[in-house]
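Remarks on the overall topology
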Amino acid sequence: MKFLKHIALGLFLAISTVGVSSVAFAEDDGRIRFEPSVAIDNVIAQIKVAQDAIETGVDGKEIAAMIKKARDLNKEINANDKVDIGRQRANSELSKARGLAKKGQMEEVSHLLIEAATKYENLKKHL
């Protein structure tokens with residue numbers, strides 16, 4: 001009887017471990033995943049859209065929304081530690097630009113967007 005209890009306990013532990021670990025490896029089929037280089041290109045393209053909007057004289061709140069979209073796309077960049085550190089630094093430029101866009105300081109926003117685009121381009125070297 002003692003032997004059967006040990007077997008039952010062992011089976012219970014094995015089954016519970018498999019059940020927990022399978023949840024950790026579950027994938028969301030509805031989520032679109034990008035390669036790091038494609039994700040970087042998407043962020044740069046969104047920054048260019050914001051720069052073009054500044055040149056055409058779009059309102060600061062709309063520019064801030066475009067920069068927010070670039071920051072959201074930024075979260076898809078996932079490669080290694082060096083890329084992540086560079087991504088965070090480039091993201092700080094976008095954060096500053098978004099704050100200034102809300103205030104209507106488009107000259108500074110344009111410079112920050114150029115710096116951010118350059119930093120994102122440099123990320124490709126670390127892939």
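Our subject is the structure listed above.
Rules and cut-offs
Residues numbered from 1 in each chain as written. Predicted model: local features only at pLDDT ≥ 70, side-chain atom pairs only at ≥ 80, totals over all residues. Heavy atoms only, no water. Helix = DSSP H or I, 4+ residues; strand = E, 2+ residues; numbered from the N terminus. Buried < 20%, exposed > 50% of the residue type's maximum accessible area, 1.4 Å probe, protein only. Contact = heavy atoms within 4.5 Å. Areas by Shrake-Rupley, 256 points an atom, 1.4 Å probe, with all protein chains shown as cover. Patch = residues over 30% accessible without salt bridge, like charges linked within 9 Å, V, L, I, M, F, W, Y side chains within 5 Å. Salt bridge = Lys/Arg side-chain N within 4 Å of Asp/Glu carboxyl O. Core = buried A, V, L, I, M, F, W, Y, C linked by side-chain atoms within 4.5 Å. Expected span 1.5 Å × (residues − 1). Polar contact = N/O pair within 3.5 Å; in protein donor to acceptor, adjacent residues only side chain to side chain. Axes fitted to C-alpha atoms, helices over the stretch in contact; angles between N-to-C directions. Parallel < 35°, antiparallel > 145°, perpendicular 65-115°, else oblique. Nonpolar A, V, L, I, M, F, W, Y, C, P; charged D, E, K, R; others polar.

Another aspect to go through is the overall build of the protein. When helices and strands are tallied, the protein shows five helices and zero strands. Secondary structure of the protein in N-to-C order comes out as α-α-α-α-α. Taken across its 127 residues, the protein has 28% of its residues classed as buried. Considering only contacts within the protein whose residues lie at least 6 apart along the sequence, 72% involve residues at least 24 apart. For the protein, the accessible surface area stands at approximately 8,600 Å², while carbon and sulfur atoms represent 58% of it.

Attention now goes to a nonpolar patch on the surface. Taken together, the side chains of Met1, Phe3, Leu4, Ile7, Leu11 and Ile15 define a hydrophobic patch exposed on the protein surface, amounting to about 710 Å² of accessible area. Locating Leu11 in the fold gives a position in helix α1 (residues 2–24). Here Leu11 falls in the exposed class, since its relative accessible area comes to 52%.

Okay, the pattern of salt bridges next. For the structure on display, the rule yields six salt bridges. Between Asp41 and Lys124 there is a salt bridge, with the nearest N and O atoms lying 2.4 Å from each other. In this pair, Asp41 sits in helix α2 (residues 36–56) while Lys124 sits in the segment after α5 (106–123), placing the two residues 83 residues apart along the sequence. With a relative accessible area of 30%, Lys124 lands in the partly exposed category. Of the charged contacts in the structure, one is a salt bridge between Lys68 and Asp72, with a shortest N-O distance of 3.0 Å. With Lys68 and Asp72 both in helix α3 (residues 60–74) and four residues apart, this pair spans about one turn of that helix. With relative accessibility at 32%, the residue Lys68 sits in the partly exposed group. Beyond isolated ion pairs, a larger network of salt bridges with shared partners links Asp41, Glu121 and Lys124.

A word on the side chain of Arg87. Checked against the element boundaries, Arg87 lands in helix α4 (residues 81–103). With a relative accessible area of 14%, Arg87 lands in the buried category.

Of all hydrophobic cores here, the largest spans 27 residues; its most connected members are Ile47, Ile63, Ile67, Leu94, Val109, Leu113 and Tyr120. For this core, the secondary-structure elements that each account for two or more residues are α2, α3, α4 and α5.

Glancing now at α4. Between its first and last C-alpha, α4 extends 34 Å over 23 residues, near the 33 Å set by a 1.5 Å rise per residue. Every buried residue of α4 is listed here: Val83, Gly86, Arg87, Ala90, Asn91, Glu93, Leu94, Ala97, Leu100 and Ala101. Contact partners of the buried residues in α4: α2, α3 and α5. The opening residue of α4, the one whose side-chain oxygen lies 3.2 Å from the backbone nitrogen of Lys82, is Asn80. A positive backbone phi angle near 90° is found at Gly104, which sits one or two residues after α4.

Before going further, it helps to examine the packing of α2 against α3. Working note: a packed helix pair is described by the angle between its axes plus the distance between those axes. Orientation of α2 relative to α3, taken along the N-to-C sense of each, is 175°, at an axis distance of 8 Å. By the angle between their axes, α2 is roughly antiparallel relative to α3. Contacts between α2 and α3 pair Asn42, Val43, Gln46, Ile47, Val49, Ala50, Ala53 and Ile54 from the former with Ile63, Met66, Ile67, Lys69, Ala70, Leu73 and Asn74 from the latter. Looking at the contact of α2 with α3 residue by residue, the class counts come to 11 nonpolar, three polar and one charged.

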